Amino acid sequence: ATAGTTTLNFNITTASTAAAPNLFAEPLTLISELSNDQRAGLAAAATNQSLRLTGAIVIEGDGIPQISNGSTVASNQLQINGGITGTANGTLFLRGTGEIQVNSVINTPNAILAKTDAGQLIINASGHDYREASFVAGTVRTDVVNALDTGAILRLGQGGNANSVDLNGNNQTVAGILTN
């Protein structure tokens, strides 16, 4: 690990009842390996607080890194403001019952971006690069033109799960759409 960087080969959960937003500004590396069934991730489980990730997030390995908002309080958001990059070959899960906002670029050209669980994912940035987007459950809302990777396939639904994509008035271009 680099000085000033937090490296996780396991899950870390933030849980707080403080009313002020929790700010995590340090760079974060999530290393996830299928061979060890490592699912490195960050989970926000606060009952009265939003979590803002302003440091860069790097994903590595061939496993299942995940960033989750498990809060059921509508006003509690997990904001990704520092960007996500990496050479991971697995699936990056953005999941949970709470709202997740992506306010910066995701640049993981070898990984699948997956949205699971009932919460809402709001994408407020364009210029992403990932292999495929798989939106299985919940709602994905685009707040800018081309919030989805224009060169990636968009896969909707899986196993009878209900999901929706709310374009919110913004045009999106994708390489193709598949439904399960």
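Our structure is the block above this text.
The rules behind these values
- Residues numbered from 1 in each chain as written.
- Predicted model: local features only at pLDDT ≥ 70, side-chain atom pairs only at ≥ 80, totals over all residues.
- Heavy atoms only, no water.
- Helix = DSSP H or I, 4+ residues; strand = E, 2+ residues; numbered from the N terminus.
- Buried < 20%, exposed > 50% of the residue type's maximum accessible area, 1.4 Å probe, protein only.
- Areas by Shrake-Rupley, 256 points an atom, 1.4 Å probe, with all protein chains shown as cover.
- Pairing = 2+ DSSP bridges.
- Contact = heavy atoms within 4.5 Å.
- Polar contact = N/O pair within 3.5 Å; in protein donor to acceptor, adjacent residues only side chain to side chain.
- Salt bridge = Lys/Arg side-chain N within 4 Å of Asp/Glu carboxyl O.

1. Regarding the overall build of the protein
1) Next: For the protein, the helix and strand inventory stands at zero helices and 19 strands.
2) Next: Counting across all 180 residues of the protein, residues that qualify as buried make up 44%.
3) Next: On the protein, roughly 7,900 Å² of surface is accessible, and the fraction owed to carbon and sulfur atoms is 49%.

2. A few points about the pairing of strand E7 (residues 57-60)
Regular strands place side chains that alternate from one sheet face to the opposite one.
1) Next: On E7, burial follows the alternation: Ile57 and Ile59 on one face are buried, whereas Val58 and Glu60 on the facing-out side are not.
2) Next: Inspection of the sheet shows E7 paired to strand E10 (residues 84-86) by three bridges, in the parallel sense. Within the sheet, the bridge partner assigned to Ile59 lies in E10 and is Gly86.

3. Section: the environment of Asn170
1) Next: Summarising the element assignment, Asn170 is placed in the loop between strand E18 (163-166) and strand E19 (176-179).
2) Next: In this structure, the C-alpha to C-alpha distance between Asn170 and Arg141, residues 29 residues apart in sequence, is 9.6 Å.
3) Next: For Asn170, the contacting residues outside a window of four places in its chain are Thr142, Asp143, Val144 and Val145.
4) Next: One polar contact links the side chain of Asn170 to the main-chain carbonyl oxygen of Thr142, over a distance of 3.0 Å.

4. What to know about the pattern of salt bridges
For side chains of opposite charge, pairing can occur when their charged atoms come near one another.
1) Next: Summed over the entire model, instances satisfying the criterion amount to three salt bridges.
2) Next: Across the salt bridge formed by Arg95 and Asp117, the nearest N and O atoms sit 3.3 Å from each other. With Arg95 in strand E11 (residues 91-95) and Asp117 in the loop between strand E13 (106-116) and strand E14 (120-123), this pair connects stretches of sequence that are 22 residues apart.

5. Quick look at the environment of Phe24
1) Next: Locating Phe24 in the fold gives a position in strand E3 (residues 22-24).
2) Next: For Phe24 and Ile80, which are 56 residues apart along the polypeptide, the C-alpha to C-alpha distance reads 9.9 Å.

6. Brief notes about unusual backbone geometry
1) Next: You will see that Asp117, though not glycine, has its phi angle at about 75°, which is positive.
2) Next: A relative accessible area of 30% places Asp117 in the partly exposed class.
3) Next: Unusually for a residue other than glycine, Asn146 sits at a positive phi of about 50°.

Any functional reading would require information that these geometric values do not contain.
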